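Report on the structure
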Amino acid sequence: MDYSEVLQQIAHELKPVIGQGKVASYIPELASVSPHQFGMAVVTISGEVHAVGDARTRFSIQSISKLFTLVMTLQLEGERVWSRVGREPSGTPFNSLVQLEAENGKPRNPFINPGALVCTDILCTRYAVPENAVVEFLRPLSGTEIHYNRAVAASERRTSHRNAAMAHLMKSFGNLGNSVEDVLDAYCRHCAIEMNCVELARAVTFLAHGGTHPSGQGEILTTSMAKRLNALMLTCGTYDAAGDFAFRVGLPAKSGVGGGIVAVMPGECGVCVWSPALEPSGNSLAGSLALERFTDITGRSIF
Ligand code: DON
């Protein structure tokens, strides 16, 4: 498969839609990102790197960090995680409060905001500086120096009233061990980590390779846990658009409001696409279309 050619074709076909949709503006610091950017990268489990467009421009990974905090949480807690967070699609927006109240403070899954806050809470219990632990976890996986953007983290922290409401609600149900303030501080910082498409595609290759990172970082998750994580990405990784995403793309994926989406082709490669303008569910509009073309053109998906 000539992935470079596939990526060139996708970038060419998608030119007319780049910029359609809306850049996330509820985090003030992200509102000024130009919507006219598009990058895509494929990193195969044998280490080949294919990239197109702005694939080496770093962006705010936002909710893609929830994938990595979940991996760290599973490494620490194993199956115990599931007593505090469910694993069903939510069918509601990623920052919805209604379901959390109705379900006694147990979030539906680890990829909606309250579920991710529980994972961050677990990291706050284990690490003195949890956001640094996330950054250090990502460096060997991506093979580069990773940082979080302090201005983006502070900007989200100042305006994170809904996340604070969810954290307080969970605290009232006994599902948050640390202070709401400490959990939100760490959460906003790991959401503000900046990476590019090549770094992210490389970071998820262990999910395409049975849980073992193909470039020598060893076992990140057992094969069984990696299978389960891929299943969660398929069913919950793109919020209430996950059904449509599975239908159109057919790959496990995780998106973020910075406009990035990572996807996994089991046995083959990690993929990342980035274009900042979003459709109403919070997924990159051009990014979703690019992944749909990727599986159509290559004829490969998990189905
Ligand atoms: O908590 C938030 O709202 C953001 N830090 C992350 C949201 C996000 O990326 C959801 N994505 N689609």
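Basis of the calculations
Residues numbered from 1 in each chain as written. Predicted model: local features only at pLDDT ≥ 70, side-chain atom pairs only at ≥ 80, totals over all residues. Heavy atoms only, no water. Helix = DSSP H or I, 4+ residues; strand = E, 2+ residues; numbered from the N terminus. Rg over C-alpha atoms; globule rule 2.2 N^0.38 Å. Buried < 20%, exposed > 50% of the residue type's maximum accessible area, 1.4 Å probe, protein only. Contact = heavy atoms within 4.5 Å. Areas by Shrake-Rupley, 256 points an atom, 1.4 Å probe, with all protein chains shown as cover. Lys, Arg positive; Asp, Glu negative; His and termini not counted. Charge placed at Lys NZ, Arg CZ, Asp CG, Glu CD. Phe/Tyr/Trp six-rings, centres within 6.5 Å; stacked < 30°, edge-to-face > 60°. Expected span 1.5 Å × (residues − 1). Near = heavy atom within 4 Å. Polar contact = N/O pair within 3.5 Å; in protein donor to acceptor, adjacent residues only side chain to side chain. Nonpolar A, V, L, I, M, F, W, Y, C, P; charged D, E, K, R; others polar. Salt bridge = Lys/Arg side-chain N within 4 Å of Asp/Glu carboxyl O. Core = buried A, V, L, I, M, F, W, Y, C linked by side-chain atoms within 4.5 Å. Axes fitted to C-alpha atoms, helices over the stretch in contact; angles between N-to-C directions. Parallel < 35°, antiparallel > 145°, perpendicular 65-115°, else oblique.

**What about the overall build of the chain?**
Along the chain, the regular secondary structure elements total 12 helices and 12 strands. Over its C-alpha trace the chain gives a radius of gyration of 18 Å, about what one expects of a compact globule, namely 19 Å for 303 residues. Its C-alpha atoms give the chain principal-axis dimensions of roughly 55 × 40 × 35 Å. Counting the 303 residues in the chain, one finds 57% classified as buried. Looking at the chain alone, contacts between residues at least 24 apart form 69% of all its contacts between residues at least 6 apart. When the accessible surface of the chain is summed, it comes to about 11600 Å², and 51% of that surface belongs to carbon and sulfur atoms. Within the chain, the 28 negative side-chain charges are centred at a point lying 3 Å from the centre of the 25 positive side-chain charges.

**Some points on the packing of aromatic side chains**
Inspection of the entire model under this criterion finds 3 aromatic pairs. With centroids separated by 5.0 Å and ring planes inclined at 5°, the aromatic side chains of phenylalanine 59 and tryptophan 274 adopt a geometry described as stacked. With a gap of 215 residues between them, phenylalanine 59 in strand β4 (residues 59-60) and tryptophan 274 in strand β11 (residues 269-274) connect regions that are remote in the sequence. The class of tryptophan 274 is buried, set by a relative accessible area of 2%. For the ring pair phenylalanine 94 and tyrosine 239, a centre distance of 5.1 Å and an interplane angle of 50° mean the geometry is tilted. Of this pair, phenylalanine 94 sits in the loop between α2 (65-77) and α3 (98-102) while tyrosine 239 is found in the loop between α10 (223-236) and α11 (242-248), placing the two residues 145 residues apart along the sequence. Since its relative accessible area comes to 10%, phenylalanine 94 is described here as buried. We classify tyrosine 239 as buried; its relative accessible area is 6%.

**Details of helix α4 (residues 113-126)**
With 14 residues, α4 extends 20 Å between its outermost C-alpha atoms, agreeing within 8% with the 20 Å of an ideal straight helix rising 1.5 Å per residue. With respect to burial, α4 is a largely interior element, 12 of its 14 residues being buried. Listed in full, the buried residues belonging to α4 are Asn113, Pro114, Gly115, Ala116, Leu117, Val118, Cys119, Thr120, Asp121, Ile122, Leu123 and Cys124. On its buried side, α4 packs onto α2, α3, α5 (130-142), α7 (161-172) and α8 (180-191).

**Let's talk about the site of the ligand**
Close to the ligand lie 13 residues; Tyr26, Gln62, Ser63, Glu156 and Tyr187 are nearest. Note that a nitrogen atom of the ligand is positioned 2.7 Å from one of the side-chain N or O atoms of glutamate 156. Contacts to the ligand include valine 257, whose backbone N or O atom sits 2.8 Å from an oxygen atom. Summarising the interface, the protein chains cover 99% of the accessible area of the ligand, which totals 340 Å² for the free molecule. Broken down by class, the residue content of the shell around the ligand amounts to 6 nonpolar, 6 polar and 1 charged.

**Observations regarding the pattern of salt bridges**
With the rule as written, the count across this model stands at 12 salt bridges. Here arginine 157 makes a salt bridge to aspartate 185, at a shortest N to O gap of 2.6 Å. Of the two residues, arginine 157 sits in helix α6 (residues 150-158) while aspartate 185 sits in helix α8, which places them 28 residues apart along the sequence. Residue arginine 157 is classed as partly exposed on the basis of its relative accessible area, which comes to 25%. According to the relative accessible area criterion, aspartate 185 is partly exposed, its value standing at 26%. Each of the salt bridges in this network shares a partner with another, and the network as a whole consists of Asp244, Arg248 and Glu292.

**Things to note about the side chain of asparagine 175**
Summarising the element assignment, asparagine 175 is placed in the loop between α7 and α8. Classification of asparagine 175 as buried rests on a relative accessible area of 9%. Looking at asparagine 175, its side chain comes within polar contact range of the side chain of arginine 84, at 2.9 Å. At a separation of 3.0 Å, a polar atom in the side chain of asparagine 175 contacts the main-chain carbonyl oxygen of glycine 105.

**Structural notes on the nonpolar core**
Judged by nonpolar contacts, the single largest core of 79 residues is most densely connected at Leu67, Phe68, Leu138, Ile193, Leu200 and Leu229. When near neighbours in sequence (up to four residues on either side) are disregarded, leucine 229 contacts Leu67, Leu70, Val71, Leu74, Phe111, Leu207 and Leu221. Core analysis: the second largest hydrophobic core is formed by 26 residues, Val42, Val249, Met265 and Phe294 among them.

**Observations concerning the packing of α4 against α8**
The description of two helices packed together rests on the angle between their axes and the distance between the axes. Here α4 crosses α8 at 105°, and the two axes come no closer than 9 Å. As the angle between them shows, α4 and α8 are arranged roughly perpendicular. Of the residues in α8, those touching α4 at Asn113, Ala116, Leu117, Thr120, Asp121 and Cys124 are Asp182, Val183, Leu184, Ala186, Tyr187 and His190. Looking at the contact of α4 with α8 residue by residue, the class counts come to 7 nonpolar, 3 polar and 2 charged.

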